[in-house]
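The lines below spell out each chain.
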Amino acid sequence: MGEFDLLEQLGPFLSGADADVLVGHGDDAAVVTVGGESVCLAVDVLVEEVHFRRDLSSMADVGWKAVAVNCSDVAAMGGRPWVGVIGLSRPAEVPTEDVLALYEGMRAACEEWGLRLVGGDTVDAGALALSVTVLGHLDGDGVTRSGAQVGDRLVLVGTLGAAAAALAQVDAGRTPDEGLLRAHRRPRALVAAGQVLAAHAANALIDVSDGLGADLGHLCAASGVAARLDGAFLPIAPGVADAVAAAGGDLLRIVCGGGEDFALLGAVPAERAEAAARAAAAAEGVPAAVIGEVLVAGAGPTVLLEGWGPPGSPPIDLTGLGYDHYHDSDQRSDEST
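Only a predicted model underlies this, so the values are computations on that prediction, with no experimental measurement involved.

Regarding the overall build of the protein chain
Thought 1: Summing up its helical and strand segments, the protein chain has 10 helices and 13 strands in all.
Thought 2: Against the globule reference of 20 Å for 337 residues, the protein chain gives a C-alpha radius of gyration of 19 Å, in line with a compact fold.
Thought 3: The principal-axis extents of the C-alpha atoms in the protein chain amount to approximately 55 × 55 × 40 Å.
Thought 4: Contacts spanning at least 24 positions in sequence make up 82% of the contacts within the protein chain whose residues lie at least 6 apart.
Thought 5: For the protein chain, the distance from the average site of its 19 positive side-chain charges to the average site of its 47 negative ones is 6 Å.

Pasting the structure below:
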C-alpha cells in the first residue's frame, strides 16, 4: 500500500468540513474558524535519514527546514504564518548544543516568515525527529486544491529539480553542488507568492513538495480535472541539467518527480495568469511562469507533459510521478495529511 492509499483509508477517521471546519483533511492545510476568523492549520514531521542527514545538513539547517516546509503549506492556502508549536524526539546522544542549534535555525526561519513559536514538547527517542505545527491567518477561507476550472492556466512560482539533483549527486558518490544542496538544506517558503496568487483569483493552489507530477495529480484529482504541461516552460533550476548528467540520473524524474522543490503551483483564470506570474515573481524574486492548462478529465492521462525532448517526441504521462514514503527510499520529501 502506498502513502496516498493509506491516507485515503485514514480519511473516515478524520473530520470533514462542517460549520467550524471549512477545509478538512486532504489539502495542504486544514482551515478552521477561530473567533469568527478563518485559520489554517498545518503539520509536518522531519525524520533523520528520511528528510535530512547530519552529514549534509547542520542542525540549524534542520531547524530552518522544519519551519519552512510548514510555512510552505500555509502559503499553498494563500495564508500568512502566525504561531507554531514544536514536538522534538531527541536521542540521548544528541548533545544540548545541537538542540540549541536546531532551535536557532527555527528562530531564523520564523523571523523570515513572521512566525512565532509559542511552545511544544520534547521526548527521549531512538531517532531524531522534529514535528512543527503551524497556524496561519487567512484573508478569506483559503485557496484549496479542489477549485481548478477547465481553461485555467497553471502558474508555477519557483524552480524545479535543485534539491533532488543535489541528492542524486550524493547518491552517485559525487560532491554535491553547494547551490543545489542549499535547496535541500534551507528550502524557501513562497508565502508572498501564495498571497499574490490568491489575490489574482487563483481557483486552486498546492505546493510542490513530492514532485510536480504527483502534486499536480493531487490537484487534478481534488478538482476532477486533467492537466497539460508544456516542457518548454518548466523553470528548471540553474545547474540541475549538468548535475544530473554528471551523476548519470534521469533529468525528467529529477525535475518532475524529485520533490523538495517547494514551488507553488496555482490554477489561475486564463485572463489573469500572466499578470499573476509576473506579480508573484516580483514578490519573491524567483522565476514564475505559465507552464500549462487545465483540461476536462477524460480517459487519457491525468497529467500529460508535451514538448519534452527533441522535436517530435511523444507526450509523457506524468501522473503520479513523485515521492511516496512507502514506495521510495532514494528520495526525500514532505506531505501533510
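Don't stop here, the text continues.
Points about the pattern of salt bridges
Thought 1: Counted according to the given criterion, the structure contains 13 salt bridges.
Thought 2: In this structure, Arg145 engages Asp28 in a salt bridge whose closest nitrogen and oxygen atoms are separated by 3.4 Å. Taken together, the residues Arg145 in the loop between strand S6 (129-137) and strand S7 (153-157) and Asp28 in the loop between strand S1 (21-23) and strand S2 (30-34) connect sequence positions 117 residues apart.
Thought 3: Where Glu260 meets Lys65, a salt bridge forms, and the shortest distance between an N and an O atom there is 2.5 Å.

Structural notes on the nonpolar core
Thought 1: Membership of the largest hydrophobic core comes to 54 residues, with the highest contact counts inside it found for Val67, Trp113, Leu130, Val155, Val157, Leu197 and Leu264.
Thought 2: A total of 10 residues in this core trace back to one element, the largest contributor, which is helix H2 (residues 59-75).
Thought 3: Residues in contact with Val155, not counting those within four places in the same chain, are Leu197, Leu264, Leu265, Gly266, Val268, Ala273, Ala277, Ala289 and Val290.

With respect to the side chain of Asp152
Thought 1: With respect to the secondary-structure elements, Asp152 resides in the loop between S6 and S7.
Thought 2: It is Arg153 that comes nearest to the buried, bridge-free Asp152 among opposite-charge side chains, at 7.2 Å.
Thought 3: Of note is the side chain of Asp152, whose polar atom sits 2.9 Å from the side chain of Asn203.
Thought 4: Excluding its chain neighbours within four sequence positions, the residues that come into contact with Asp152 are Asn203, Ala267, Val268, Pro269, Gly292, Glu293 and Val294.

Comments concerning the sheet that holds S1
Thought 1: What the six strands build is an open sheet, ordered S1-S2-S3-S6-S4-S5; its pairing is mixed. Every other strand in the sheet has two partners, leaving S1 and strand S5 (116-124) as the edge strands with one partner each. Neighbouring strand axes in the sheet, compared pairwise and without regard to direction, differ in orientation by 25 degrees on average.
Thought 2: Sheet analysis places strand S3 (residues 37-47) next to S6, joined by nine bridges and oriented antiparallel. Across the sheet, the residue bridging to Ala42 is Val134, located in S6.

A word on unusual backbone geometry
Thought 1: Notably, Glu260 is not glycine yet its phi reads approximately 60 degrees, a positive angle.
Thought 2: Its place among the elements puts Glu260 in the loop between helix H9 (251-257) and strand S10 (263-268).
Thought 3: Positive phi outside glycine occurs at Phe262, with the angle close to 55 degrees.
Thought 4: The topology assignment puts Phe262 in the loop between H9 and S10.

Looking at the sheet that holds strand S12 (residues 303-306)
Thought 1: Taken together, seven strands build an open sheet; the order of strands is S8-S10-S7-S11-S9-S12-S13 and the sheet is mixed. The strands lining the two open edges of the sheet, one partner per strand, are strand S8 (204-208) and strand S13 (316-317).
Thought 2: Here strand S9 (residues 225-230) pairs with strand S11 (residues 288-296) via five bridges, running antiparallel. In the strand pairing of S11, Arg228 is matched with Glu293.

A word on the confidence of the model for the protein chain
In regions of low pLDDT, the predicted coordinates are not meant to be interpreted in detail.
Thought 1: Mean pLDDT over the protein chain: 92, with 91% of residues reaching 70 or higher.
Thought 2: Throughout residues 329-337 the model reports pLDDT below 50, and contacts reaching past four residues in sequence, or to other chains, amount to 42 contacts.

Observations concerning the packing of H2 against helix H3 (residues 96-113)
Thought 1: Where H2 meets H3, the axes come as close as 6 Å, and the angle between the chain directions of the two elements is 40 degrees. In terms of orientation, H2 lies oblique with respect to H3. For the pair H2 and H3, the sense of crossing is right-handed. Contacts between H2 and H3 pair Met59, Ala60, Val62, Gly63, Trp64, Val67, Ala68 and Cys71 from the former with Asp98, Ala101, Leu102, Gly105, Met106, Ala108, Ala109, Cys110, Glu112 and Trp113 from the latter.

Considerations on the environment of Leu100
Thought 1: Mapping Leu100 onto the fold places it in helix H3.
Thought 2: Residue classification places Leu100 among the exposed positions, given a relative accessible area of 57%.

Here we look at helix H4 (residues 162-171)
Thought 1: The element H4 is largely enclosed, with a buried count of nine among its 10 residues.
Thought 2: At the C-terminal side of H4, Gly173 shows a positive phi close to 80 degrees.

Some words on the pairing of S9
Thought 1: S9 sits mainly inside the fold: five of its six residues count as buried.
Thought 2: By the bridge criterion, four bridges tie S9 to S12 in an arrangement that is parallel. Along S12, the bridge assignment pairs Ala227 with Val303.

The rules behind these values
Residues numbered from 1 in each chain as written. Predicted model: local features only at pLDDT ≥ 70, side-chain atom pairs only at ≥ 80, totals over all residues. Heavy atoms only, no water. Helix = DSSP H or I, 4+ residues; strand = E, 2+ residues; numbered from the N terminus. Rg over C-alpha atoms; globule rule 2.2 N^0.38 Å. Contact = heavy atoms within 4.5 Å. Lys, Arg positive; Asp, Glu negative; His and termini not counted. Charge placed at Lys NZ, Arg CZ, Asp CG, Glu CD. Salt bridge = Lys/Arg side-chain N within 4 Å of Asp/Glu carboxyl O. Core = buried A, V, L, I, M, F, W, Y, C linked by side-chain atoms within 4.5 Å. Buried < 20%, exposed > 50% of the residue type's maximum accessible area, 1.4 Å probe, protein only. Polar contact = N/O pair within 3.5 Å; in protein donor to acceptor, adjacent residues only side chain to side chain. Pairing = 2+ DSSP bridges. Axes fitted to C-alpha atoms, helices over the stretch in contact; angles between N-to-C directions. pLDDT = per-residue confidence, 0-100. Parallel < 35°, antiparallel > 145°, perpendicular 65-115°, else oblique. Left-handed = near helix turned anticlockwise from the far one by under 90°.

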